[in-house]
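# Descriptive structure summary
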Amino acid sequence: MGRMDGKVAFVTGAARGQGRSHAVRLAREGADIIAVDICRKFEASPADGATPEDLDETAGLVKDAGGRVVTAEVDVRDFDALRAAVDSGVEQLGRLDVIVANAGIGTTAGKLHKADEALWQEMIDVNLSGVWKTVKAGVPHILNGDRGGSIVLTSSVAGLKAYPHVGHYVAAKHGVIGLMRSFAVELGQRMIRVNAVLPTHTSSPLLMNEATYRAFRPELENPGPDDLAPVCQSFHYLPIPWVTPEDISNAVLFLASDEARYITGVALPVDAGSCLK
């Protein structure tokens, strides 16, 4: 316990899934949290949208873990709203040390040369530009603190390799790696470290939903998680179908903590060996 004592972390996409897990994990180690989420559904996404109630639940879990928390319903495409949320959070909590740019969506676009332009733009705006805007909104506070800090961006194994029919997602997640490396170069002299986590299939709502089950197992009438599991396991060398949000949170915590004080510019897969295939 105590690996994040006295620090404040800004986490996007915090209403549920990986974002909620990151916020709670950091709070258990002593951090206070600025937690934001759009709290609505994206029409093309197979997953149901997060809700304001989900974000409230995250706030309760952070408090139960011992942390203070400030929440806001924010679209990461809206820089002014992001900046206002961070400014308010820092005013209430006193400082900012960590940014976890986790918010993202997953949609299917078909073959890239036939992809719908609106789907492409939405993906880039949320999963790439939203990450840039999150860091842009938060990093002035870390700089003003002059204590150094840590920024962790959520990419994906699709940030290092390609998959069919999700080329817009692959492009965005590759772009996140470029953002990470660029920020690491530009902020390193101020002792601000910038790294990325690269999850494989993760047991969160983005994967665990009826539309995804049917997409992976279209030959079955009513597929479920047990039917999805062998397909997902085929992507990995370790004999598991997916990791948990907590597995990603452990990596985020390590990169955010002083245990990683000289680690920057790293793309860290949490992938059961997926990147080896």
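See above for the structure.
What you see is a predicted model; the values in this text were computed from it and never measured. (Residues numbered from 1 in each chain as written. Predicted model: local features only at pLDDT ≥ 70, side-chain atom pairs only at ≥ 80, totals over all residues. Heavy atoms only, no water.)

### Brief notes about helix H7 (residues 225-233)
Taken together, the buried positions of H7 are Leu 228, Ala 229 and Cys 232. Summarising the axial view, the buried residues of H7 lie within an arc of 115°, below the 170-degree limit, and thus occupy one face. Looking at the buried side of H7, the elements it contacts are helix H6 (210-216). (Buried < 20%, exposed > 50% of the residue type's maximum accessible area, 1.4 Å probe, protein only. Helix = DSSP H or I, 4+ residues; strand = E, 2+ residues; numbered from the N terminus. Arc of directions from axis to C-beta. Contact = heavy atoms within 4.5 Å.)

### Observations concerning unusual backbone geometry
One non-glycine residue, Asp 146, lies in positive phi territory at about 55°. Its place among the elements puts Asp 146 in the loop between helix H4 (117-145) and strand E5 (149-154). Positive phi, close to 75°, is recorded for His 165, a residue that is not glycine. With respect to the helices and strands, the residue His 165 is situated in the loop between E5 and helix H5 (167-187).

### Structural notes on helix H1 (residues 17-28)
For H1, which comprises 12 residues, the first-to-last C-alpha distance of 17 Å matches the rise-based estimate of 16 Å (1.5 Å per residue) to within 8%. Among the 12 residues in H1, 9 count as buried, and that is most of the element. Of the positions making up H1, those classed as buried are Gln 18, Gly 19, Arg 20, Ser 21, His 22, Ala 23, Val 24, Leu 26 and Ala 27. Looking one or two residues past H1, Gly 30 carries a phi angle of roughly 110°, positive in sign. (Expected span 1.5 Å × (residues − 1).)

### Some thoughts on the nonpolar core
In terms of nonpolar packing, the biggest core is built from 46 residues, with Phe 10, Leu 96, Ile 151, Leu 153 and Val 194 touching the most fellow members. Of all the secondary structure elements, the ones that give two or more residues to this core are strand E1 (8-12), strand E2 (32-37), helix H3 (79-93), strand E4 (98-101), H4, E5, H5 and strand E6 (192-199). With 10 residues, H5 is the largest single contributor of residues to this core. Not counting residues within four places of it along the chain, the set of residues in contact with Leu 153 comprises Ala 101, Val 131, Val 135, Val 176, Leu 179, Met 180, Asn 195, Ala 196 and Val 197. (Core = buried A, V, L, I, M, F, W, Y, C linked by side-chain atoms within 4.5 Å.)

### A word on the packing of aromatic side chains
Counted under the stated rule, the structure contains 1 aromatic pair. Between the aromatic rings of Tyr 163 and Phe 235, the centroid separation amounts to 5.9 Å while the plane-to-plane angle is 45°, which identifies the pairing as tilted. Pair noted here: Tyr 163 is in the loop between E5 and H5 and Phe 235 is in the loop between H7 and helix H8 (245-256), with a separation of 72 residues, a long-range link. Over the ring of Phe 42 we find Arg 40; its NZ or CZ atom is 5.0 Å from the centre of that ring. Above the face of the Phe 79 ring, Lys 136 is positioned so that its terminal group lies 5.4 Å from the ring centre. (Phe/Tyr/Trp six-rings, centres within 6.5 Å; stacked < 30°, edge-to-face > 60°. Lys NZ or Arg CZ within 6 Å of the ring centre and 35° of its normal.)

### Some details on the sheet that holds E6
Within a beta sheet, neighbouring strands are joined by backbone hydrogen bonds and run either parallel or antiparallel to one another. Sheet architecture is open: 7 strands sit in the order E3-E2-E1-E4-E5-E6-E7, paired in parallel fashion. Only two strands of the sheet have a single neighbouring strand rather than two, namely strand E3 (69-73) and strand E7 (267-270). Ignoring which end each strand starts from, the neighbouring axes of this sheet average 15° apart. Judged from the 3 bridges that link them, E1 and E4 form a sheet pairing that is parallel. In the strand pairing of E4, Ala 9 is matched with Val 98. Against the sheet, helix H2 (residues 52-64) makes contact with E2 and E3, and its axis sits at roughly 170° relative to E3, the strand it touches most. Strands in contact with H5 are E5, E6 and E7; relative to E6, the strand with the most contacts, it is inclined by about 165°. (Pairing = 2+ DSSP bridges. Axes fitted to C-alpha atoms, helices over the stretch in contact; angles between N-to-C directions.)

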